[in-house]
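Here are the chains, one letter per residue:
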Amino acid sequence: MSSEIPTHMAAAVLAKGQPLELQIRPTPKPGPGELLVLVKSVAINPADGLMRDHGLFMPKLPTVIGFDVAGLVLEVGDGVPTGPADDRNTSGLFFKPGVTRVAAYSAGFWHSCAPDYGVFQERCLIPWQHAVPIPDSIDVSWNHAATLPVAVVVALNAWSAMGFQVPSSSSVSATSSSTNRAALGEGEAQKGGKTKREALLIWGASSSVGTMGVQAARLIREDQDSPIAAVYATSGPANQAYVSSLGADRVFDYKDPGVVDAIVSAAREDGLVIRHCFLAMGQLALCQRVLKAFLGDNKNGGEGIAEKGKKAMIGSAPPFPPDAEIVEGVEAIFLQPSTEEGERLEQFRCWMGTWLRECLVEGSVRPSPEPRVVGKGLGAINAGLDMVLQGVSCAKLVVEIGE
């Protein structure tokens, strides 16, 4: 019997500020609750480039980084549900080795960037709660699947942190009603007898997390039990039609020096207030100015934020700048999953395994934005990291790792 340890190739960070280098690594065995995934495609995020160039989050080198992955389950550890009749399966999710395709969010950040959990390699470990099985009934390529995990987790985290439950289409109207869209005329929209008086704002809506934020906000708007009547967004002029196609009712040019006044004027014209903003990318101060304009505003829909004793809220994907202003009445939250492992795993299971899976099957959410393949093989990841740090709009950079 051979005692040879199985190995695979990885694109590893050997030194801060240096290109990733290919090296052979031992292939790990999945521990309790873990999947061993054969990597097919990875998507590139700005945080990946910052980790390579500045050592962000990495207490020890060498290691393997990367967050977004799509691949095939090869092995499962103890406690992973493997079939619908599995006694351990209380979630409806199951993972069959050699059969189940998944999109997954790396757990490397929560494992001190241990190399087995980075996705820039041919095989990696993933907690099963961080993965969504890709149903055979839908046509989603490896490249499209790789664009989903970070975008979904950040967007769902944003709306959850601000107090919104994001439904799948099974609990809302299947048709996007034009009476709920921006030109509201009377200043209010009604659905199921409930008055809707608010607009949600997504700043930086053509980014990966921004496009998913728009799609999730559209589902909130369509929910008859939510107070949301419209979805507002900002993007560059070239991407406004695409952002609208995802569900935004009004799209504003963030490069316009008068963009804040334009958003505030539009909301007042529509008879709405803006109390919640998802800052996917861009300037916190501009979002603060928009929300500040509606503090105590009782012209649209009766009660303003101040009268209700509630703060306006901004959920921010980018970290706050050191000189960020504190605006009274506007709470800014830096978005991150729970630091408590049990809570985090439950969050991911709900966001990925339940919400995303249902939305993909029902067709209420689609991978966005479109993947842009920058190369094939682990050696192409460095070029993708260079590109993402130069700035990418309305595209998710993807590297194909396996066939």
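Predicted model only: the values in this text are computed from it and were never measured.

## Section: the overall build of the protein chain
So, point 1. Within the protein chain, the secondary structure is distributed over nine helices and 17 strands.
So, point 2. Of all 403 residues assigned to the protein chain, the portion counted as buried reaches 56%.
So, point 3. Put simply, of all contacts in the protein chain between residues at least 6 apart along the chain, 73% involve residues at least 24 apart.

## Re the packing of helix α6 (residues 259–269) against helix α7 (residues 284–292)
So, point 1. Running from N to C, α6 and α7 point in directions that differ by 30°, and their axes come no closer than 9 Å. Between α6 and α7, the crossing angle belongs to the class labelled roughly parallel. In this structure, α6 crosses over α7, and the sense of that crossing is right-handed. Facing Val 260, Ile 263 and Val 264 of α6, the residues of α7 in contact are Leu 286, Arg 289 and Val 290.

## Regarding helix α3 (residues 149–161)
Residues three or four positions apart in an α-helix share a direction because the helix packs 3.6 residues into each turn.
So, point 1. Given a rise of 1.5 Å per residue, 13 residues ought to cover 18 Å, and the 18 Å separating the end C-alpha atoms of α3 matches this to within 8%.
So, point 2. In terms of burial, α3 is largely enclosed, as eleven of its 13 residues are buried.
So, point 3. For α3, every residue scored as buried is listed here: Pro 149, Val 150, Ala 151, Val 152, Val 153, Val 154, Ala 155, Leu 156, Asn 157, Ala 158 and Trp 159.
So, point 4. Trailing α3 by a residue or two, Gly 163 shows a phi angle of about 95°, which is positive.

## What to know about the packing of helix α1 (residues 46–54) against helix α9 (residues 381–390)
So, point 1. The contact between α1 and α9 brings their axes to 8 Å, and the two run at 110°. Here α1 is positioned roughly perpendicular relative to α9, judged by the angle of their axes. Across the interface between the two elements, Pro 46, Asp 48, Gly 49, Leu 50, Arg 52 and Asp 53 of α1 pack against Asn 382, Leu 385, Asp 386, Val 388 and Leu 389 of α9.
So, point 2. Here the residues of the contact of α1 with α9 sort into five nonpolar, two polar and four charged.

## A closer look at the packing of aromatic side chains
So, point 1. Counted under the stated rule, the structure contains eleven aromatic pairs.
So, point 2. Their ring planes at 45° and their centres at 6.1 Å tell us that Tyr 105 and Trp 110 sit as a pair that is tilted.
So, point 3. Seen in terms of ring centroids, Tyr 105 and Phe 348 are 5.1 Å apart; in terms of plane orientation they differ by 75°. Their pairing is edge-to-face. Of this pair, Tyr 105 sits in strand β5 (residues 101–105) while Phe 348 is found in helix α8 (residues 341–362), placing the two residues 243 residues apart along the sequence.

## Regarding the nonpolar core
So, point 1. If you look at the biggest cluster of nonpolar residues, it comprises 90 residues, and the most contacted ones within it are Val 42, Phe 95, Phe 120, Trp 159, Phe 278, Trp 355 and Ile 381.
So, point 2. The greatest single-element share of this core, amounting to nine residues, is contributed by α3.
So, point 3. Phe 252, Leu 286, Ala 312 and Val 327 belong to the second-largest nonpolar core, a separate cluster that totals 28 residues.

## Structural notes on the pairing of strand β16 (residues 371–376)
So, point 1. Of the strand pairs in this sheet, β16 and strand β17 (residues 396–400) are connected by five bridges, and their pairing is parallel. From the neighbouring strand, Lys 376 faces β17, where its bridge partner is Glu 400.

## Quick look at the pairing of strand β12 (residues 250–253)
As a general feature of sheets, a regular strand has side chains that alternate between the two faces.
So, point 1. With four bridges joining them, strand β11 (residues 228–235) and β12 adopt parallel strand pairing. Note on β12: the bridge partner recorded for Tyr 232 is Arg 250.
So, point 2. Tracing the backbone out of β11, into helix α5 (residues 240–246) and back to the parallel element β12 gives a crossover that is right-handed.

## With respect to the pattern of salt bridges
So, point 1. The full count for this structure, using the stated rule, is 13 salt bridges.
So, point 2. Salt-bridge contacts for Arg 52 lead to Asp 386; the nearest nitrogen and oxygen are separated by 2.7 Å. With Arg 52 in helix α1 and Asp 386 in helix α9, this residue pair connects regions lying 334 residues apart in the sequence.
So, point 3. Assessed through its relative accessible area of 37%, Asp 386 is described here as partly exposed.
So, point 4. The salt bridge partner of Asp 68 is Lys 396, with a shortest N-O separation of 2.9 Å. Of the two residues, Asp 68 sits in strand β4 (residues 68–76) while Lys 396 sits in strand β17, which places them 328 residues apart along the sequence.
So, point 5. Each of Arg 218, Arg 221, Glu 222 and Asp 249 takes part in a single network of salt bridges with overlapping partners.

Thresholds applied
Residues numbered from 1 in each chain as written. Predicted model: local features only at pLDDT ≥ 70, side-chain atom pairs only at ≥ 80, totals over all residues. Heavy atoms only, no water. Helix = DSSP H or I, 4+ residues; strand = E, 2+ residues; numbered from the N terminus. Buried < 20%, exposed > 50% of the residue type's maximum accessible area, 1.4 Å probe, protein only. Contact = heavy atoms within 4.5 Å. Axes fitted to C-alpha atoms, helices over the stretch in contact; angles between N-to-C directions. Parallel < 35°, antiparallel > 145°, perpendicular 65-115°, else oblique. Left-handed = near helix turned anticlockwise from the far one by under 90°. Expected span 1.5 Å × (residues − 1). Nonpolar A, V, L, I, M, F, W, Y, C, P; charged D, E, K, R; others polar. Phe/Tyr/Trp six-rings, centres within 6.5 Å; stacked < 30°, edge-to-face > 60°. Core = buried A, V, L, I, M, F, W, Y, C linked by side-chain atoms within 4.5 Å. Pairing = 2+ DSSP bridges. Right-handed = clockwise from strand over helix to strand, strands pointing away. Salt bridge = Lys/Arg side-chain N within 4 Å of Asp/Glu carboxyl O.

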